[in-house]
Amino acid sequence: MSKTASIGLLPSPTLFGRLMASIDRLLIASSRVAVRNGDLPPFGL
């Protein structure tokens, strides 16, 4: 019998978390396009 325990610390997928992840993916994709075109990506929102 194991004497150790593990706790899953993954956050629950809330609506706010999914919204922030979607915004993050959009900003990363926009930055990648800007770099590919030879421009500096916009910083911040």
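Everything below is about the structure printed above this text.
Everything numeric here is computed off the predicted structure, so don't read it as measured data. Going along each chain's sequence as written, the residues are numbered from 1 onward. For a predicted model such as this one, the threshold for reporting local features is a pLDDT of at least 70, and the threshold for listing and counting side-chain atom pairs is 80 or more; totals across whole chains, interfaces and linings nevertheless cover every residue. Think of the side-chain values as coming from all heavy atoms in the structure, minus any hydrogens and water.

### Considerations on the overall build of the chain
Next up, step 1: Counting its secondary structure elements, the chain contains one helix and zero strands.
Next up, step 2: Burial analysis of the chain (45 residues in total) assigns 4% to the buried set.
Next up, step 3: With the model as given, the accessible surface of the chain reaches about 4700 Å², and the carbon-plus-sulfur share is 67%. The secondary structure listing takes helices from DSSP runs of H or I that are at least 4 residues long and strands from runs of E that are at least 2 residues long, numbered from the N terminus. Partly exposed residues are those whose accessible area sits between 20% and 50% of the maximum for their type, while under 20% is buried and over 50% is exposed, using a 1.4 Å probe and protein chains only. Under the convention used here, a 1.4 Å probe and the Shrake-Rupley method define accessible areas, while residue burial counts only the protein chains that appear.

### Re helix H1 (residues 15-36)
Next up, step 1: Expected helix span is given by 1.5 Å per residue-to-residue step, counting one fewer step than there are residues. The end-to-end C-alpha distance of H1 is 32 Å, a good match for the 32 Å that 22 residues give at a rise of 1.5 Å each.
Next up, step 2: Phi turns positive, to about 85°, at glycine 38, one or two residues after H1.

### Quick notes on a nonpolar patch on the surface
Next up, step 1: A cluster of nonpolar side chains, Phe16, Leu19, Met20, Ile23 and Leu27, forms an exposed patch at the surface whose accessible area comes to about 470 Å².
Next up, step 2: Structurally, the position occupied by phenylalanine 16 is in helix H1. Only residues above 30% relative accessible area that lack a salt bridge enter a patch, with like-charged residues linked at up to 9 Å and the nonpolar side chains Val, Leu, Ile, Met, Phe, Trp and Tyr linked at up to 5 Å. The term salt bridge refers to a pairing of a side-chain nitrogen on Lys or Arg with a carboxyl oxygen on Asp or Glu at a separation within 4 Å.

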